[in-house]
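Each chain, written out:
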There are 2 protein chains.
Amino acid sequence: MNGAESLVRTLVAGGVDVCFTNPGTSEMHFVAALDRVEGMRCVLGLFEGVVTGAADGYYRMKGTPASTLLHLGPGLANGLANLHNAKKANSGIVNIVGQHATYHIAYNAPLTSDIEGLARPMSAWVRTSPDAKSVAADGAAAIAAAKGAQIATLILPADTAWNEADGIAQVPDENQRASYSAKAVDQAAKLLRNGGASTLLLMTGGALTEHGLDLAGRIAGKTGCKVMTPTSNPRVARGRGRFSIDRIPYVIEQAMPILREFKNIVLVEAGEPVAFFAYPNKPSLLKPQGCEVHRMTSGAENSVAALEALAGALQAQPSDRQPQKLVELVKPTGALTHASIAQAIAMAIPENAIVVDESITTGRGFFPPTAAANPHDWLQNMGGSIGFSTPVATGAAVACPDRKVICMVGDGSAMYTLQSLWTQAREGLNVVTIVFANKIYQILRGEFDGVGAGEPGQRALDMLKLDRPDLDFVALAKGMGVPARAVANVDDFVKALAEAVAEPGPRLIEVQM
Amino acid sequence: MNGAESLVRTLVAGGVDVCFTNPGTSEMHFVAALDRVEGMRCVLGLFEGVVTGAADGYYRMKGTPASTLLHLGPGLANGLANLHNAKKANSGIVNIVGQHATYHIAYNAPLTSDIEGLARPMSAWVRTSPDAKSVAADGAAAIAAAKGAQIATLILPADTAWNEADGIAQVPDENQRASYSAKAVDQAAKLLRNGGASTLLLMTGGALTEHGLDLAGRIAGKTGCKVMTPTSNPRVARGRGRFSIDRIPYVIEQAMPILREFKNIVLVEAGEPVAFFAYPNKPSLLKPQGCEVHRMTSGAENSVAALEALAGALQAQPSDRQPQKLVELVKPTGALTHASIAQAIAMAIPENAIVVDESITTGRGFFPPTAAANPHDWLQNMGGSIGFSTPVATGAAVACPDRKVICMVGDGSAMYTLQSLWTQAREGLNVVTIVFANKIYQILRGEFDGVGAGEPGQRALDMLKLDRPDLDFVALAKGMGVPARAVANVDDFVKALAEAVAEPGPRLIEVQM
């Protein structure tokens, strides 16, 4: 077998059996190997940002890495923004990137570029295979790195793909998620015992499973501490019956009063609360003066086990958890407002759905009402680079074919990686995309105020507004084979949602704000 | 004035008065400054690849750089593929990239990344402004670098934009295109005198103006040498009355027999002929054994002046140039074939049009018949990263509002940066986009054979084909406000072209192959 086949076989044997691809010439031997190797599902994207974002969504739902197949430096470059988001979400991905044959690189052909240089800013692990016999072992090392929740980028010169290899390689012992520090748990227990009401348990990552949240609920009930998450999280178990916790608000002026009451913050995988952006005369650090920050677990540790131990140390029982206040969801009617939209979506979320949220401005109001929705997983953008949600929804749907995916996105964000719709149509993925068409980068209109730039004039507004011409998402979806409709009032929105959720395959709803 | 305003004023004073933008929060002070500074035209793109590609097209037609405005690391990353293409075309661009405020970078907020690391592979000049008072001078240095036909990337931490600056800065003495080496011209003259028929004059870049080509035509007539261009060129003056020269074919098996007859190759800005990709058991270098390569000018020199000197040394007169064979363009009819499509386009090109060519597979046949078309400029992809043409056409149309732009692109390539259409509609740009919808990455189907990967099976074919579902480019164009129609025979194509060329503003034609 050649190097390409040794890699595909190593990937499949190592449990990496989905490949999101946008290949080029230097990857043709990898593509050819797909015909000879059983067990690799390949999913084509029409743009590399779709491919890398899909791998992020796949990892978040599956917990094991997918691979990508990307064409040389510029192909990788097109995928970097969503690799950035994936990196910040601690998602594991194996990127396979083509390269010219080793001896051809020196000739500076048109597609020659510094591929390792491009890969490094968004990858924890980067390697260029030197020859065909190394490819399988390099692939196995990449899988191991990706299983450790890292972005691994393996660069494959074309001759290492077509020359003869020795066979497949075993993936080294899995990078097991470490346990936790008993000392850190003891310290947290002491803090919570002595001053529960003035302590914030700030949780993210692996802690935000249904069970992790339940443990936090018991601890809160027992000690009076507050439990929150950062503004954005890779995945949160939410909905009816689950312990519902608030996020630290994005807006500094809203976050600081909430944090002011705490003397101690215990971090469960989370980072210290910092502002998303800096603004003139506003702080970067959000905690109050004198507040102490203690780390209980990092992203590499087992936070649920640590929470178990913490609950045990505090003798926090299931009965300590305060029952969730039952919010009744009422069918909204009339005009499309942020509140009525949120209510409509909360009612429409089906049991065990996956909600991918990139509705940046509109979306801030969704979190409270959806706490009472059917149980679901909520996925957010961790890196702040827009064009995140439609690819991540695509990958999540590949990972979980039996679950419905709801993708909420603003019109501005949707236009970065809209090619995802074609992949959804091709693969028959169960994704309902809701585009909030407010015809402006509304987040930027807010940030314009936030940075103290004054009132925007016409020339500045032209750089923020998406009118002239209006985007027609129904036509755009149709162009990529996805049935779509536009709604302009909440009754139609409720109907469109019910219809879209009931039907298999992708659907798009344009919400005309 | 603040740092942002000092930069905008420096750009305008330095002759950089067009900015292709896709801004974010860290660039809001730059956007705000636009309201206070006259003379900067800002053009919004919905994706950064549109923005950087447009700057490439602008430079190629205008000869002076535009600027871009990009959001932090991931925003820059989205623009890198077309910066790669621009770099390989020796296009000058001033990239303005936002960054967190200097003091905020340490907090590793979600959008924090290694921006300089991302910029370096595609930029000749990279600098991060340390404070507001440095911004104007750094901007002036970036302009000087870009005027020297380089990609210059200036990274602007938010506090350097909002803090008080000292005023504008002068752009240092323009990086003048150097003259040429008289010795290299003498050597070329000697070669041509002693063995014109066995010498190839291989020209690209600044040599391919109408006048440069005319000089080459005289030299060829006088000495019997052959004049060719590489497979791709940033810009070639073509059409009726101009000296028409062939390109070295892309396919190795076609290129080598043509080059076999030469004992000497004289390079006028061009590189030594190399294969675009490496293939098993095929060479990377295309020249025959024993053929000597001599450089007459590099891209930094004045090739037209060198050609003048060479013609002078050889006493080559206008009368030495062989008159161009008059090819009569005949209106094609019947089925859509590569030949009839090429003929239809050759007939439709209006006087002084700009033709942007990314019709990779289909396009190989266009070059010969369009030699007899109305005089026009022909722009090609120099870096090989697809998604090039629709942005470059956009920027060329901004640079030359009085000229019609014809953009020829395959369906696969079009889907990378289709957002260009919205910018064309917003700005009312005179671009006719022709999408060749053959429903496959046809170039890859050819390359699959080229790399000796055998006959593709179903799984490999699925990674090359763009059917299931078919893309509907008429709907996609409508979704972005561009009138469009699809044609399935050559008579309708001829009609659609005539209509599209006659109307102002953007149009799209989907050619269903």
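Just so it is clear, the structure is predicted and the values come from calculations on it, not from any experiment. (Residues numbered from 1 in each chain as written. Chains lettered and ligands numbered in written order. Predicted model: local features only at pLDDT ≥ 70, side-chain atom pairs only at ≥ 80, totals over all residues. Heavy atoms only, no water.)

Draft legend 1. Representation of the overall build of chain A in the model. Across its full length, chain A carries 20 helices and 18 strands. Compactness check: chain A gives a C-alpha radius of gyration of 24 Å against a globular reference of 24 Å for 513 residues, within 12% of the reference. Across chain A, the fraction of contacts at a sequence separation of at least 24, relative to all contacts at a separation of at least 6, is 80%. Summed over all atoms, the accessible surface of chain A reaches about 17000 Å², with 49% contributed by carbon and sulfur. Taking the 44 positively charged and 48 negatively charged side chains of chain A as two groups, their mean positions are separated by 6 Å. (Helix = DSSP H or I, 4+ residues; strand = E, 2+ residues; numbered from the N terminus. Rg over C-alpha atoms; globule rule 2.2 N^0.38 Å. Contact = heavy atoms within 4.5 Å. Areas by Shrake-Rupley, 256 points an atom, 1.4 Å probe, with all protein chains shown as cover. Lys, Arg positive; Asp, Glu negative; His and termini not counted. Charge placed at Lys NZ, Arg CZ, Asp CG, Glu CD.)

Draft legend 2. Fine view of the sheet that holds strand 2 (residues 41-44) of chain B. Residue and element names in this part refer to chain B. Spatially, 2-1-3-4-6-5 is the arrangement adopted by the 6 strands of the open sheet, whose pairing is parallel. If you trace the sheet from one side to the other, it starts and ends with strand 2 and strand 5 (125-128), each paired once. Looking at each pair of strands side by side, their axes are set apart by 20 degrees on average, direction ignored. Here strand 3 (residues 66-70) runs beside strand 4 (residues 93-99); their pairing, made up of 5 bridges, is parallel. Paired with Leu69 across the strands is Ile96, a residue of strand 4. Seen against the sheet, helix 3 (residues 48-62) touches strand 1 (18-22), strand 3 and strand 4 and runs at an angle of roughly 165 degrees to strand 1. (Pairing = 2+ DSSP bridges. Axes fitted to C-alpha atoms, helices over the stretch in contact; angles between N-to-C directions.)

Draft legend 3. Structural context of the packing of aromatic side chains. Counted by the stated rule, this structure contains 13 aromatic pairs over all chains. A centroid spacing of 5.3 Å and a plane angle of 45 degrees characterise the contact between Tyr250 of chain A and Phe276 of chain A, whose relative ring orientation is tilted. A residue pair is termed long-range when its members are at least 10 positions apart, and Tyr250 of chain A in the loop between strand 10 (246-247) and helix 10 (252-259) and Phe276 of chain A in the loop between strand 11 (264-268) and strand 12 (292-297) qualify at 26 residues. Given the relative accessible area of 19%, Tyr250 of chain A is considered buried. With a centroid separation of 6.1 Å and 80 degrees between ring planes, the pair formed by Tyr416 of chain A and Phe47 of chain B is classed as edge-to-face. Of this pair, Tyr416 of chain A sits in the loop between helix 15 (411-414) and helix 16 (420-427) while Phe47 of chain B sits in the loop between strand 2 and helix 3, each in a different chain. Neither residue differs from the other here; Tyr416 of chain A and Phe47 of chain B are each classed as buried. Through successive ring pairs, a cluster of aromatic residues spans Phe47 and Tyr416 of chain A together with Phe47 and Tyr416 of chain B. One Lys or Arg, Arg238 of chain B, reaches over the ring of Phe367 of chain B and ends 3.5 Å from the middle of that ring. A cation over an aromatic ring shows up here: Arg238 of chain B above the ring of Trp378 of chain B, its NZ or CZ 5.1 Å from the ring centre. (Phe/Tyr/Trp six-rings, centres within 6.5 Å; stacked < 30°, edge-to-face > 60°. Buried < 20%, exposed > 50% of the residue type's maximum accessible area, 1.4 Å probe, protein only. Lys NZ or Arg CZ within 6 Å of the ring centre and 35° of its normal.)

Draft legend 4. How the structure looks around the environment of Leu259 of chain A. Residue and element names in this part refer to chain A. Residue placement: Leu259 occurs in helix 10. As a C-alpha pair, Leu259 and Ser198 span 61 residues in sequence and 9.8 Å in three-dimensional space. Contact partners of Leu259, with chain neighbours within four places excluded, come to Leu200, Ile248, Pro273, Leu286, Lys287 and Pro288.

Draft legend 5. Representation of the sheet that holds strand 4 (residues 93-99) of chain A. All names here are of chain A. The sheet built from 6 strands is open, its strands ordered 2-1-3-4-6-5 with parallel pairing. The open sheet has two edge strands with one neighbour each: strand 2 (41-44) and strand 5 (125-128). Strand after strand, the sheet turns through a mean of 20 degrees between neighbouring axes, direction not considered. Looking at chain direction, strand 5 and strand 6 (residues 151-157) are connected through 4 bridges and run parallel. Bridge pairing in strand 6 links Val126 to Thr153.

Draft legend 6. The interface of chain B and chain A, seen in detail. On the side of chain A, 96 residues touch chain B, which itself brings 96 residues to the contact. Between chain B and chain A, roughly 7900 Å² of surface is buried when both sides are summed, and carbon and sulfur atoms account for 64% of that area. Per-residue buried area on chain B facing chain A is highest for Arg426, Arg459 and Met463 of chain B; these three make up 9% of the total on that side. Our count for the chain B to chain A interface comes out at 6 salt bridges. A per-element tally of the side of chain B that touches chain A places helix 4 (residues 72-88) of chain B first, with 8 residues. For the side of chain B that touches chain A, the residue count by class is 54 nonpolar, 25 polar and 17 charged. (Buried area = accessible area lost by both parts, 1.4 Å probe. Salt bridge = Lys/Arg side-chain N within 4 Å of Asp/Glu carboxyl O. Nonpolar A, V, L, I, M, F, W, Y, C, P; charged D, E, K, R; others polar.)

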